[in-house]
Each structure stands twice: as C-alpha cells, then as structure tokens.
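A closer look at the structure
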Amino acid sequence: MAASPLMRGIYDLFARMEPPVGGRGDLDGNPGLPTVPTLRDAAVLVPLVDRVEGPTLLLTQRTAHLAAHAGQISFPGGGVEPHDIDPIATALRETEEEIGLPRSHVRVLGRLDTYITRTGFRVVPVVAHVRPPFTLTPDPNEVDAIFEVPLTFILNPASRVRESREFMGAQRHFWAFPYGDRYIWGATAGMLVNLCDVLAGLNDAT
C-alpha cells in the first residue's frame, strides 16, 4: 500500500474516477496555432514515485538531437506500435525502453485527458504509482537526464505560470512550471495542469 497520506488519497481518487471523456491540447487558448494535419497516437507515463518524504513526479529531459521536442522536459513515453494492445501497454513499454524502469515497480492508477500537441501527437497520459527502490538505465539516444520533482510543488498553484512567446508571427500562450534550473513547459506542463485539476484538494493531505 502507498506509504504517504497524499499517495493514499491519490489511490482512492483514481479508484472512484470515471474515465475522462474530454481532451486538452496546445490549441487551448491559441486559436489559429499552426498544427500538423495528421495525428499520431502516443502515450506517456505520469510516474508518481512513492518516496518516504512524500510523492515525487519522475520526469526526463530529452536529448538535444531528437527530431521532436529536442531538449525539452517530458514524461517517458512515445508512439503507439501495432503490437501495443492499449495506451497503457505503450506507456509501460516506452518507459522501460527509455529509462529502464521495470514494470514490476509500476502500478497503473488511471489516466488523464487526451492531449493533442501542435506537432501532431494525440497523447494519452497514464498515471501510475512507482514503488522504490529501483535502478534506472536511460537510453542515451533519447534521454539526457532523469530527475524528480516533489508532487506538492506541482500541486501548489503558485508554482505554475502562464507565459507566451512569439511563434510564426503570433503570440503563443502556454503553461510553465519553472523548477530550479529546469523549465517544464508545453505539452508536459499542460498535462501537469490537468493532473492538478484532478488532484485538487489533495495537496493538503500530508
């Protein structure tokens, strides 16, 4: 069973939650943002690590040479393959391939809203409880770094900011979570806002 009260609350919440029917994406608040016309199905794992001092969120920083989202902070995951039976299978397979997290340490809790990226991915975020201790082996072709962020930091409304940048002649608005020398933004930050919405109120359970 989960060690911390916050983690136990998360278990209970996802056990009662109906499967999401809505969707989110980079177009939210950005009408007219150029997108890729054909979407590719993908899934990511949203790994909640059950540390004694409190749950953390495990994230990766992608290598700088990748064709999509190079250098950005993301959840482990990737595109759906023909042999994947569902998004959960994709998220678990990709996580094992990218960072070497054994499936025996992962218990799936549920999922967040499907997220559509500007770059043409239809992403299913799969929320999971990760049981330590574990040893990670990042794929150097895809992952430059692996780090953890306290879940209480993510759930604190003061940790998120709404920012904008000029993109192709127009202002693009997006969420961001600055964390030390890390800058979590884009689709990953959008999914984290979704997670915060789902877990609203649980951040007081410590």
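The preceding data block contains the structure.
Notes on the structure follow.

Calculation notes
Residues numbered from 1 in each chain as written. Predicted model: local features only at pLDDT ≥ 70, side-chain atom pairs only at ≥ 80, totals over all residues. Heavy atoms only, no water. Helix = DSSP H or I, 4+ residues; strand = E, 2+ residues; numbered from the N terminus. Contact = heavy atoms within 4.5 Å. 1 Å grid on protein atoms, 1.4 Å probe; cavity = no way out; pocket = protein on both sides within 12 Å on 5 of 7 lines; lining within 4 Å. Points joined across faces, edges and corners; volume = space filled by probe spheres on them. Nonpolar A, V, L, I, M, F, W, Y, C, P; charged D, E, K, R; others polar. Expected span 1.5 Å × (residues − 1). Buried < 20%, exposed > 50% of the residue type's maximum accessible area, 1.4 Å probe, protein only.

**Things to note about the side chain of Thr188**
- Relative to the assigned elements, Thr188 resides in helix H4 (residues 186–198).
- The contact partners of Thr188, leaving out residues within four places of it in the chain, are Leu59, Ile73, Ser74 and Phe75.

**Regarding the layout of surface pockets**
- The calculated volume of the second largest pocket comes to roughly 190 Å³.
- Contributing to the lining of the second largest pocket are 14 residues, with Gly25, Asp28, Tyr115, Arg162 and Trp175 lying nearest its centre.
- Listing elements by their share of the lining of the second largest pocket, those giving two or more residues are strand S1 (23–25), strand S11 (170–179) and H4.
- Of the residues forming the lining of the second largest pocket, the biggest block, four residues, is contributed by S11.
- Residue composition of the lining of the second largest pocket, grouped by class: four nonpolar, five polar and five charged.

**Examining H4**
- When the terminal C-alpha atoms of H4 are compared, their 19 Å separation across 13 residues agrees well with the 18 Å that a helix rising 1.5 Å per residue should span.
- Taken across its 13 residues, H4 has eleven buried, putting it largely inside the fold.
- Three or more residues of H4 are buried, namely Gly186, Ala187, Thr188, Ala189, Gly190, Met191, Leu192, Val193, Asn194, Leu195 and Cys196.

**A closer look at unusual backbone geometry**
- For the bond from Pro132 to Pro133, the omega torsion is 0°, close enough to zero to count as cis.
- Mapped onto the elements, Pro133 comes out in the loop between strand S8 (121–130) and strand S9 (143–150).

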